[in-house]
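Observations on the three-dimensional arrangement
In case you want the letters, here they are:
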Amino acid sequence: EDALSHRVDLLGSGPVELGHNINWHLDFKTGFSWPPQYFADIEYNNPSRPSDVKIPWELSRLQWLIPAGQAFLLTHDEKYAVTVREVLEQWIEGNPYGFSVNWSCTMEVALRVFTWTWFFHVFCNSKSWNDDKFRFKFIRMLYLHLEFTERYIEISDVNGNHYTADASALVVGGLFFGNGRGPQRWQQEGWHILLNEIRKQVFPDGVDFEASVPYHRLVAELFLWPAMYRKSQGYTVESIYIDRLCSMARFSQAYSRINGSIPLWGDADDARVLPFGMQEINDHRYLHTLIGLYANEPSLYHFQKAAVGEILWTLGPDAVKQWLSSNNYCIGSRAFSDGGFYIMRTASDHVFIDCGPLGLAGRGGHGHNDCLSFEVFLDGVPLVSDCGSYLYTASFDERNHFRSTDCHNTPCVDQEEIIKVA
């Protein structure tokens, strides 16, 4: 019903009424709007301006429309298909190729590939989507998303989640379009990148090198979805890739507490690829269960039957039955020596200790200056916690303050940072 009413709750905004005609360029928290001009000419990261570009970016991912797709699959009520079509038509009209702030970051373009391809599979047989003119407009824009992602892929000397998202979208989009020189090139190039990057970005023990729990979840999803899609289409997924995914799942399994909460370690963007479940945003228990079901590794299933919605909507009812029929599996304390994280736990206690590097191969990135910091959760009660990350682009000063040594549970001498980054 929120999706039908264009009502969203993004990045802690609380319920916001977007109105019938959505402004795709507006940060509705501050009222600042970016001009509809060529993406490379838009300054979206201005430290002197109190604005947050992540608001229009998050809005344009269109993940807030996913419940409308789920409702359509359950009810076949045409009103859901009509709403999603109308929103997509508005977005296409308001964001011409390369001409808005929603084209300024390739990762944002890439993440739309996931939602748009899912929308097509959900609504393609609906009455309101059985319109050649709309279908051409939709498919054309989706194709342009993939051309843009390939052309402006975010490659650097040290690559992180942006490069992974871009490559993941190329695989998914290439498989979606199937035959053709472009789609074949996209899915082959994208998979080649992912196969290389999973070994560079993920330590052998499964810890994502960006040093953040929420980004570990996002990157694991970005590696998982193309692998699932390839498997469904009969393509090979190399054993090294599956092994590294399973290692990522073991870390997720270890840092997830008994009540479904997680340590606040590193930046907390809370981004998802395709959020299907209705659980709390910080409940990651579905993640290692999904990977376990994909890899046929029951030891990765969460021992509580949590986040069942994610399993149902991603892998279907047979996967839920397989999970529910498994034996409960409870893990104990674990050391992740490559990534530098140590977790002591019992059935009701959880201590998370950060002894790892700064993150992103020493660049920092989404990691914090928090070496030797820890969180303590005893007998179901959080006793020592981290303040997390406050915001990204809205204030550079506050962002850097929340990343500093002084904001973490670790020694700070004479207000000096533990590690100084050049």
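Within every chain, residues take consecutive numbers counted from 1 along the sequence as written. pLDDT decides what is reported in this predicted model: residues at 70 or higher carry local features, side-chain atom pairs at 80 or more are listed and counted, and totals for whole chains, interfaces and linings draw on all residues regardless. Derived side-chain values reflect all non-hydrogen atoms in the structure, with water molecules and hydrogen atoms excluded from consideration.

**Some words on the overall build of the protein**
Counting secondary structure elements, the protein contains 13 helices and nine strands. Its C-alpha atoms give the protein a radius of gyration of 21 Å, within 12% of the compact-globule value 22 Å for 422 residues. Taking the principal axes of its C-alpha atoms as reference, the protein extends roughly 60 × 55 × 40 Å. In the protein, which comprises 422 residues, the share counted as buried stands at 56%. Throughout, a residue-residue contact means that at least one pair of heavy atoms, one from each residue, lies within 4.5 Å. Counted over contacts in the protein with a minimum sequence separation of 6, partners at least 24 positions apart contribute 68%. All accessibility values rest on the Shrake-Rupley procedure with a 1.4 Å probe; residue burial counts only the protein chains present in the view. Within the structure as shown, the protein displays about 17800 Å² of accessible surface, and the carbon and sulfur contribution to it stands at 53%. Across the protein, the 34 positively charged side chains and the 51 negatively charged ones have centroids separated by 7 Å. Strands here are runs of E lasting at least two residues and helices are runs of H or I lasting at least four, both read from the DSSP assignment and numbered beginning at the N terminus. It is over C-alpha atoms that the radius of gyration is taken, and the globule rule equals 2.2 Å times the number of residues to the power 0.38. When accessible area is computed with a 1.4 Å probe and restricted to protein chains, residues below 20% of their type maximum are described as buried, those above 50% as exposed, and intermediate ones as partly exposed. Two residue types count as positive, namely Lys and Arg, and two as negative, namely Asp and Glu; His and chain ends fall outside the count. Note that the charge is assigned to NZ on lysines, CZ on arginines, CG on aspartates and CD on glutamates.

**As for helix H2 (residues 66-75)**
Taken as a whole, H2 has its buried residues at Ile 66, Ala 68, Gly 69, Gln 70, Ala 71 and Phe 72. Buried-residue contacts for H2 involve helix H3 (78-94), helix H4 (106-123) and helix H11 (308-315). Directly after H2, the chain includes His 76, whose backbone phi takes a positive value near 60°.

**Overview of the pairing of strand E6 (residues 341-345)**
Along E6, the buried face is formed by Phe 341, Ile 343 and Arg 345; none of Tyr 342 and Met 344, which line the opposite face, is buried. We call two strands paired when DSSP finds no fewer than two bridges between them. The sheet contact formed by strand E5 (residues 334-336) and E6 spans three bridges and is antiparallel. Bridge assignment links Ala 335 to a residue of E6, and that residue is Tyr 342. The turn linking E5 back onto E6 is made up of four residues, and Gly 340 within it adopts a positive phi angle of 85°. Relative to strand E7 (residues 350-354), E6 runs antiparallel, the two being bridged by five bridges. Opposite Phe 341, over in E7, you have Asp 354 as the bridge partner. Hairpin geometry of E6 and E7 is characterised by an intervening segment of four residues between the two adjacent antiparallel strands.

**What to know about the packing of helix H7 (residues 181-201) against helix H9 (residues 239-255)**
Structural elements are reduced to axes, namely lines fitted to C-alpha atoms, with helices fitted over the stretch in contact, and the angle between N-to-C directions of any two is expressed from 0 to 180 degrees. In contact at an axis separation of 10 Å, H7 and H9 are set at 50° when each is read in the N-to-C sense. With respect to each other, H7 and H9 are oriented oblique. The element H7 and its partner H9 pack so that their crossing is left-handed. Mapping the contact onto sequence places Trp 191, Leu 194, Leu 195, Ile 198 and Arg 199 in H7 and Ile 240, Tyr 241, Arg 244 and Leu 245 in H9. In what follows, roughly perpendicular refers to angles from 65 to 115 degrees, roughly parallel to angles under 35, roughly antiparallel to angles over 145, and oblique to any angle outside these ranges. Definitions for this section: a left-handed crossing has its near helix turned counterclockwise from the far helix by less than a right angle. A right-handed crossing has that turn clockwise.

**With respect to the packing of aromatic side chains**
Any pair of Phe, Tyr and Trp rings, taking the six-membered ring for Trp, is counted once the centres come within 6.5 Å. Such a pair is stacked with planes under 30 degrees apart, edge-to-face with planes over 60 apart, and tilted for the rest. One pass over the full model with this rule turns up 37 aromatic pairs. Between the aromatic rings of Phe 251 and Trp 265, the centroid separation amounts to 6.1 Å while the plane-to-plane angle is 85°, which identifies the pairing as edge-to-face. Of this pair, Phe 251 sits in helix H9 while Trp 265 sits in the loop between H9 and helix H10 (285-295); the two residues are 14 residues apart in sequence, bridging distant segments of the chain. Across this residue pair, the class does not change: Phe 251 and Trp 265 are buried. Its guanidinium or amino end placed over the ring of Trp 103, Arg 112 lies 5.4 Å from that ring's centre, counting from NZ or CZ. Charge-over-ring placement is defined geometrically: NZ (Lys) or CZ (Arg) within 6 Å of the ring centre, and within 35 degrees of the ring normal.

**Points about the packing of helix H5 (residues 132-151) against helix H6 (residues 161-177)**
Axis separation between H5 and H6 bottoms out at 10 Å; the angle between their running directions is 140°. Here H5 is positioned oblique relative to H6, judged by the angle of their axes. The two elements H5 and H6 cross, and the hand of that crossing is left-handed. Residue-level contacts link Ile 139, Leu 142, Tyr 143, Leu 146, Thr 149 and Glu 150 of H5 to Asp 166, Ala 169, Leu 170, Gly 173, Phe 176 and Phe 177 of H6. Gly counts as polar in this scheme, as do all residues outside two lists: the nonpolar Ala, Val, Leu, Ile, Met, Phe, Trp, Tyr, Cys and Pro, and the charged Asp, Glu, Lys and Arg. For the contact of H5 with H6, the residue count by class is eight nonpolar, two polar and two charged.

**Side note on the sheet that holds E5**
Strand order in this open sheet of five strands is E5-E6-E7-E8-E9, and the pairing throughout is antiparallel. Each edge of the open sheet is held by one strand with a lone partner, namely E5 and strand E9 (381-384). Across this sheet, the average inter-strand angle for adjacent strands is 15°, counted without regard to direction. Where strand E8 (residues 374-378) meets E9, three bridges bridge the pair, whose relative direction is antiparallel. Residue Phe 377 lies in a different strand from E9, and its bridge partner there is Pro 382.

**Re the environment of Ile 55**
Along the chain, Ile 55 turns up in helix H1 (residues 54-60). Residue classification places Ile 55 among the buried positions, given a relative accessible area of 0%.

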